[in-house]
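Examining the three-dimensional arrangement
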Amino acid sequence: MRRLTVRRIAVTAMAALTAADCTPEPEQPKPPPSVAFTLEMAESVLVEVVAGVGKSGVADFCAKFASSTGTCEALLKDALGRCLLPGDKPVVTRSVHLPATDKYEETWQLVVQGRTLDGQKYVSDFPIVLSTGAPKAVLGIYWTGQGYGRNMDNPPKYTIPPQNACPR
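Let me begin by describing the structure that accompanies this report. Along every chain, residues carry numbers that run from 1 in the direction the sequence is written. Two thresholds apply to this predicted model, a pLDDT of at least 70 for residue-level local features and 80 or more for giving and counting side-chain atom pairs, whereas whole-chain, interface and lining totals are computed over all residues. Hydrogens are left out, water is left out, and the side-chain values use all remaining heavy atoms of the structure.

What to know about the overall build of the protein chain
Helices and strands together make up the secondary structure of the protein chain, namely four helices and four strands. Helix and strand definitions follow DSSP, with helices as H or I runs of at least four residues and strands as E runs of at least two, each counted in order from the N terminus. Reading the helices (α) and strands (β) of the protein chain from amino to carboxyl end gives α-α-α-α-β-β-β-β. With a 1.4 Å probe rolled over the protein chains alone, any residue whose accessible area is under 20% of its type maximum counts as buried; one over 50% counts as exposed, and the rest are partly exposed. By residue count, 30% of the 168 residues in the protein chain fall in the buried class. For the protein chain, restricting intrachain contacts to residue pairs at least 6 apart in sequence, the fraction spanning at least 24 positions comes to 54%. Per-residue and other accessible areas were derived by the Shrake-Rupley procedure at a 1.4 Å probe size, with only the shown protein chains allowed to occlude residues. For the protein chain, the accessible surface area stands at approximately 10900 Å², while carbon and sulfur atoms represent 58% of it. Whether two residues are in contact is decided by their heavy atoms: any pair within 4.5 Å suffices.

Looking at the packing of aromatic side chains
Each aromatic pair joins two rings of Phe, Tyr and Trp (for Trp, the six-membered one) with centres within 6.5 Å, and gets the label stacked for planes under 30 degrees apart, edge-to-face for over 60, and tilted for any other angle. Within this structure, the stated rule accounts for five aromatic pairs. When the centroid spacing of 5.2 Å and the interplanar angle of 50° are considered together, the rings of Phe61 and Phe65 count as tilted. Of the two residues, Phe61 and Phe65 both sit in helix α3 (residues 61–65), four residues apart, roughly one turn of that helix. Comparing Phe61 with Phe65 shows no difference in burial state: the two are buried. Taking the centre distance of 6.4 Å and the plane angle of 80° together, the rings of Phe126 and Tyr142 count as edge-to-face. A residue pair is termed long-range when its members are at least 10 positions apart, and Phe126 in strand β3 (residues 121–131) and Tyr142 in the segment after β4 (134–137) qualify at 16 residues. For the pair shown, Phe126 and Tyr142 are each scored as buried. Chaining the aromatic ring pairs together yields one cluster made of Phe61, Phe65, Tyr122, Phe126, Tyr142 and Trp143. For Arg94, the ring lying beneath its charged end belongs to Tyr158, and the centroid distance is 4.3 Å. For a Lys NZ or an Arg CZ to count as sitting over a ring, it must be within 6 Å of the ring centre and within 35 degrees of the ring normal.

Brief notes about helix α4 (residues 69–81)
Since one α-helical turn is 3.6 residues long, residues separated by three or four positions face the same way. Expected helix span is computed as 1.5 Å times (number of residues minus one). In this model α4 runs 18 Å from its N-terminal to its C-terminal C-alpha over 13 residues, within 8% of the 18 Å that 1.5 Å per residue would give. Those residues of α4 that are buried lie in contact with α3. A positive backbone phi angle near 60° is found at Cys83, which sits one or two residues after α4.

Focus on the side chain of Thr107
As for its placement among the helices and strands, Thr107 is situated in strand β2 (residues 107–115). Of note is the side chain of Thr107, whose polar atom sits 2.9 Å from the backbone oxygen of Glu105. Distance and chemistry together define a polar contact, namely a pair of N or O atoms within 3.5 Å, with one atom able to donate a hydrogen and the other to accept it when in protein, and with adjacent residues in sequence counting only for side-chain atoms on both sides.

What to know about the state of the cysteines
When two cysteine sulfur atoms lie within 2.5 Å, the pair is treated as a disulfide. A complete count under the given rule lists two disulfides for this structure. Between the sulfur atoms of Cys62 and its disulfide mate Cys72 the distance is 2.1 Å. In this structure the cystine formed by Cys62 and Cys72 twists about its S-S bond by roughly -75°; its chirality is therefore left-handed. Placement of Cys62 in helix α3 and of Cys72 in helix α4 is noted, with a sequence separation of ten residues between them.

And the structure:
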C-alpha cells in the first residue's frame, strides 16, 4: 500500500509538472529597443534651438526647447535683464558623452562658442538629454557663457560669459 501511495504521489507530481510546462504563460512585454543617443542627434538639437530663436525670438523659448523649463525661464530672464541676446550661429568646439548614472540621465555636453547680438564672445555648456526617446536641450540658453557639467556647485573654468550689454 505504501508503494502505491508513493507511486501515486510521484505520478501526480509528474502530471502537475508536465501540465505546468505545457500551460502557456502570458507573454511578457518586451522592453523597447534602446535608442543609440549620438552626437549627431545632440547637434541637431542645437541647430533646432538656434533656428527657433532666429525664427521666433525668445517668445515661448523655454516651453518649446528646454526640458527644464523653470530653470530655463530663470536664466532667460537674467539674460534679458542684462540685454544679452544671441547673435550668430554658435560653433560646437567640444562634446562629451556622459553615460546615465543613478543620479543623472544620459547626456551629451556640447561646448558652444559664438557671439551675442552686440558682438561679445561667449563659450557655454549646452547639455542635451534623451527625454522620452527624443533628444532635448536641458536648458536651451546657449549664449550666456554658463557652465554646468554634472556638478553645478563647481562650474567649469573654460566658459566665457559676456558682460552686461544694457546701455548705461
